[in-house]
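# Structural overview
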Amino acid sequence: MSIRLDEKQKNLIEKVRGIAQKIALRNREVDETMEFPWDIFKIFCENNILALPIPEEFKGGGEANLTCCLVLEEIARFSPGSSHMIAGHWLGFTPLKLFCNPSQKERYFPRFRSELAAFSLTEPAAGSDAGGIITEAKWEGENYNLNGTKIYCTQGHVANVITVFAKTNPDKGVKGLSAFIVEKEFPGFSVGKIEDQIGMRGTPAAELVLQDCHVPKENLLGKEGEGFNIAMQTLDRTRPKDAAISVGIAQGALDYTLNYAKTGFLMKEPLLKSQAVQFLLADMAITIEAARLLVYESATLIDEDRVSTKHSAMAKCFATDTAMRVTNQAIDILGTEGVSKEHPVEMFMRDAKLLQILEGTNQIQRLIISRSLLG
Amino acid sequence: MQFELTDTQKDIQKAAREFAEKEFDSDLALELEKEERFPKPIFEKACQLGFIGIDYPEQYGGQSFGLFENVLVIEEFTRKDSGIGISLSLADIGSSIILKHGDEGQKKKFLIPVTQGKAISTVALIDSSHKKNQDPIVTKDEAHPDGYVINRGKAWVIHGSLARTIVVLGESYDPTNPITLILERDWGGVNILGLKKMMGMRISSVHEMVFDHVKVPKDHVIQWDNGGANPLTTYRHVHRIKTSAQALGIAQGAFDHAVKHAKEREQFGRKICQFQGIQFMLAELYTLIEATRSLVYRAAYSYDVKSSDMETISSVARLFATDVAVRTTIDSIQIHGGVGLMKEYSIERMFRDAKTIQNLGETNLIQKALIAKSIIS
């Protein structure tokens, strides 16, 4: 397989790079303040970036997964948190893209060009194991009544439309799960605690409280009992996107290190003259390129309708591990400057750590991969 | 060869553990980190109980133990809380130089107040590598024949805003007359500039300190003894070993948290410690931490008995221990999953602290270069 970007993709990447560079400092500011950067959100809306995967008939970009991954990678090179904002939105949009009926599409798709979507599966007792979900959705004749507490919903506090997973049949484990399109205005919906987290701090995880939250039957996504399938189909398609952010983070860290190394010193010798540094840089470049190809491959498989759970898991696991390793090495080359807040590399590493855990920890990815190997 | 702590050492370890368990509260640590504030009341209590200055002779307010016992205390402190532990263990980094190279009067004057909780001693390592002109940083004081003047210099100083005693180290002193100077914070010409904002270690502030024509009287001058190790070397050795002890404690603490979580957290109908994927992570970390402890203790022992392998073994301990601390904290976050990422749990802070001490001062690239040099020379 070889990836050759077409002119349209190249132009898009160039445009996105300009934006990403412009918001890089602002991105670092919100890492400190933990304020959701509505100004960055607005820039993404105005440039139709949020709408890239929305079908053209709904005035979206109609872009393929590969192109979306390229965009996330490019933004993450300069502004990982901002890239995470977009990926969180697309994660929220993906189950709807896959499972909305025509009327749901009419109602929601146009909104996602300028309103945030989110995805809410996790609960305190249900992290890796979605079967542990206890949020219940009871059918009450006209509506579903949702009760429970969801946690770690990426930017759930600022999203307007959230895909919430709840049990319509508590006795059936993951087979009793259903997916619901929940709007933040629905009575009984509220935002709880907003997490003070290690990285991606401008787009934090939020707790969502559902207390007699009434969801109309038109907002059931897919069929009752289909929730687990919806979640898994979604994650197969979004894991390459986290992987793309990771490649961007790693590339950004390498770029920054190369630039810094030109003027840095190690024991009174120019840094770039040190073979130890040269070899570290080589190792960083090797793993980044390998991760990138895995991301492009897994995204292309989705675009060719050959979605591979295994490839998506491999891309997510390898690329996020790569981002951690590369940012770690970058700090080691920069030394004391590497852990200083004057440089973005320490933030890159904190952002990368989050990606090793969200959307399935890398232990879960290994479980998925080994299961597919063992058949 | 003996591989067991003495009864006294076990008592010290136990006392340090109990003190840390009682005094280091994780909510307090979170607050201290947010405000970048040193826990002065805890420092004072640690002084009263003899943990600070444990390695000074009794006549200077200490307990007459060695760096080894100091390492045991640091390990227990950072094991309970990385941030508070580091800040306390860095509160007397200037003292090791005075202890080893100072004269009787200097020891009395500068060490006793530290053990009483009245002073913090630190080190200013003047960076001359980027200096454009070759004007000497230190010259003789024309007005006072035995005194000196620090003309101009800048350094990043741990506890810079709090320290009362500052030992100034630099490489551009007159090589024919090697000296080290001790400054007091309230002297004219000793000024604090900005705070260095870092990823971690935010309970121990690092400030930029500027020296502008600071006059240093005779009794604040440390005259190097001929043939003996110089103060800069002493500082490097002690700082490496203390850093490795901090790292050891952080690794052990992060590991403790990981084991506790793995034994409590249930997913897929069983405790996550029942999964072999988690078990093997724990087994590897345990192995690394045991190896680290042996190395760190060995390095501290080498310092106390003035072993000739001091230079290399201190680098080896520092390199290995800080790498293990970073790896252990990263893996501990991973075992915790989502909660490991959140500030209200201590693990993410332990990771940031581990990564910061790993890269503060002499980095591991430098340690490797030094180790390699000693192997092939």
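Residues numbered from 1 in each chain as written. Chains lettered and ligands numbered in written order. Predicted model: local features only at pLDDT ≥ 70, side-chain atom pairs only at ≥ 80, totals over all residues.

### Details of the overall build of chain A
Of the regular secondary structure elements, chain A holds ten helices and ten strands. Computed over the C-alpha atoms, the radius of gyration of chain A is 21 Å, within 12% of the 21 Å expected from 2.2 N^0.38 for a compact globule of 375 residues. Overall size of chain A, expressed as C-alpha extent along the three principal axes, is 75 × 45 × 40 Å. Long-range contacts, defined here as pairs at least 24 residues apart, represent 75% of the contacts in chain A between residues at least 6 apart. (Helix = DSSP H or I, 4+ residues; strand = E, 2+ residues; numbered from the N terminus. Rg over C-alpha atoms; globule rule 2.2 N^0.38 Å. Contact = placed C-beta atoms within 7 Å.)

### Observations regarding the domain arrangement of chain A
Residues and elements named next belong to chain A. If you check the domain split of chain A, you get domain 1 (7-113), domain 2 (117-224) and domain 3 (229-374). Computed over C-alpha atoms, the centres of domain 1 and domain 3 are 20 Å apart. The element best represented in the side of domain 1 that touches domain 3 is helix H4 (residues 80-99), accounting for eleven residues. Taken together, the residues of the side of domain 1 that touches domain 3 break down into 15 nonpolar, five polar and five charged. (Domains from an automatic or database assignment. Nonpolar A, V, L, I, M, F, W, Y, C, P; charged D, E, K, R; others polar.)

### Notes on the domain arrangement of chain B
Residue and element names in this part refer to chain B. As far as domains go, chain B holds domain 1 (7-115), domain 2 (121-223) and domain 3 (231-376). Between the C-alpha centres of domain 2 and domain 3 the distance comes to 31 Å. Its residues assigned to classes, the side of domain 2 that touches domain 3 comprises six nonpolar, two polar and no charged.

### Let's talk about the nonpolar core
Formed by 230 residues in total, the largest nonpolar core has its most connected members in Leu-72, Phe-180 and Val-295 of chain A together with Val-71, Ala-124 and Val-296 of chain B. Take this core: its biggest share by element is 14 residues, from helix H6 (residues 227-261) of chain A. Discounting residues that sit within four places of it in the chain, Val-71 of chain B has contacts with Ile-241, Ala-245, Val-296, Tyr-297 and Ala-300 of chain B. (Core = buried A, V, L, I, M, F, W, Y, C linked by C-beta atoms within 7 Å. Buried ≥ 20, exposed ≤ 12 C-beta atoms within 10 Å, placed from the backbone.)

### Some points on the interface of chain A and chain B
With 32 residues of chain A at the interface, the matching set in chain B holds 30 residues. Of all the secondary-structure elements, those providing two or more residues to the side of chain A that touches chain B are strand S9 (265-266), helix H8 (309-334), helix H9 (345-355) and helix H10 (362-374) of chain A. Tallied by class, residues from the side of chain A that touches chain B come to eleven nonpolar, twelve polar and nine charged.

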